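Results of the structural survey
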Amino acid sequence: MMAVQASRVMFPLVLSLFLGATSSIWPLATAEAFQLPPCQLINQTVSLEKEGCPKCHPVETTICSGHCITKDPVIKIPFSNVYQHVCTYRNLHYKTFELPDCPPGVDPTVTYPVAQSCHCGRCAMDTSDCTFESLQPNFCMNDIPFYY
């Protein structure tokens, strides 16, 4: 009987000591601890393409890239909104480019965003790719063979 009571007292004590030790060994790690780049402007080559034009054209632009602190609630409450912050545009402007080799009757002009500043915020679907795994910026549909 005494052994059962001692084990009931010892188990929480050992558990709290273990958790305390592991939290001092493995403190809550930030992105800096893993040397993850923060949300920032980077130079990136993107492929511009337009339906009706045969080729993609690479251009150099600035985009937002990097890591943001995110949280996932332990207790999920139905109908509550949880937003994960992503690295996205704060300010941007658009440049216009004229694609070469477009056939007559196809407007060769395309516009693309140029990031001026970035921040961690909600993903804006109109200016960002908010998917889990997105296409690379230099992806070109014209490079994929189409089989009839």
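Residues numbered from 1 in each chain as written. Predicted model: local features only at pLDDT ≥ 70, side-chain atom pairs only at ≥ 80, totals over all residues. Heavy atoms only, no water.

**Details of the overall build of the chain**
The number of helices and strands found in the chain is 1 helix and 4 strands. Each helix and strand of the chain, ordered N terminal to C terminal, gives the series α-β-β-β-β. Across the 148 residues in the chain, those meeting the buried criterion constitute 16%. A separation threshold of at least 6 residues defines the contact pool for the chain, and within that pool the share at least 24 residues apart is 62%. (Helix = DSSP H or I, 4+ residues; strand = E, 2+ residues; numbered from the N terminus. Buried < 20%, exposed > 50% of the residue type's maximum accessible area, 1.4 Å probe, protein only. Contact = heavy atoms within 4.5 Å.)

**Looking at the side chain of Thr61**
Structurally, Thr61 is set in strand S2 (residues 57-65). The class for Thr61 is buried, based on a relative accessible area of 5%. One polar contact links the side chain of Thr61 to the main-chain carbonyl oxygen of Pro113, over a distance of 3.3 Å. Dropping the residues within four chain positions of it, Thr61 is found in contact with Ile42, Asn43, Gln44, Val46, Tyr112, Pro113 and Val114. (Polar contact = N/O pair within 3.5 Å; in protein donor to acceptor, adjacent residues only side chain to side chain.)

**What to know about a nonpolar patch on the surface**
Nonpolar side chains collect at one region of the surface, where Val74, Ile75 and Ile77 lie side by side and expose about 380 Å² of accessible area between them. Structurally, the position occupied by Val74 is in the loop between S2 and strand S3 (86-98). (Patch = residues over 30% accessible without salt bridge, like charges linked within 9 Å, V, L, I, M, F, W, Y side chains within 5 Å. Areas by Shrake-Rupley, 256 points an atom, 1.4 Å probe, with all protein chains shown as cover. Salt bridge = Lys/Arg side-chain N within 4 Å of Asp/Glu carboxyl O.)

**A word on the pattern of salt bridges**
For the coordinates displayed, the defined rule picks out 2 salt bridges. One salt bridge connects Asp107 with Lys50, and the closest N-O pair in it is separated by 3.8 Å. Of this pair, Asp107 sits in the loop between S3 and strand S4 (109-121) while Lys50 sits in the loop between strand S1 (40-48) and S2, placing them 57 residues apart in sequence. Overall, the relative accessible area of 43% leaves Asp107 in the partly exposed class. Relative accessible area serves as the criterion here: at 27%, Lys50 is assigned to the partly exposed category.

**Points about unusual backbone geometry**
Look at Asp101: it is not a glycine, yet its phi comes out positive at around 70°. Its place among the elements puts Asp101 in the loop between S3 and S4.

**Considerations on the confidence of the model for the chain**
Looking at the chain, the pLDDT average stands at 74 and 63% of residues meet or exceed 70. When pLDDT is averaged over each element of the chain, S4 comes out on top at 94 and helix H1 (residues 2-25) at the bottom at 45. Across residues 11-28, where pLDDT falls below 50, the model places 1 contact with residues more than four positions away in sequence or in other chains. (pLDDT = per-residue confidence, 0-100.)

**Examining the environment of Cys53**
With respect to the element layout, Cys53 can be found in the loop between S1 and S2. Separated by 53 residues in sequence, Cys53 and Val106 have C-alpha atoms that sit 7.4 Å apart.

**Observations concerning the state of the cysteines**
Applying the stated criterion to the full structure yields 4 disulfides. Here Cys39 pairs with Cys87 through a disulfide, and the sulfurs are 2.2 Å apart. Here the S-S torsion is close to 80°, and the disulfide linking Cys39 with Cys87 is therefore right-handed. Of this pair, Cys39 sits in the loop between H1 and S1 while Cys87 sits in strand S3, and the two are 48 residues apart along the sequence. (Disulfide = S-S within 2.5 Å.)

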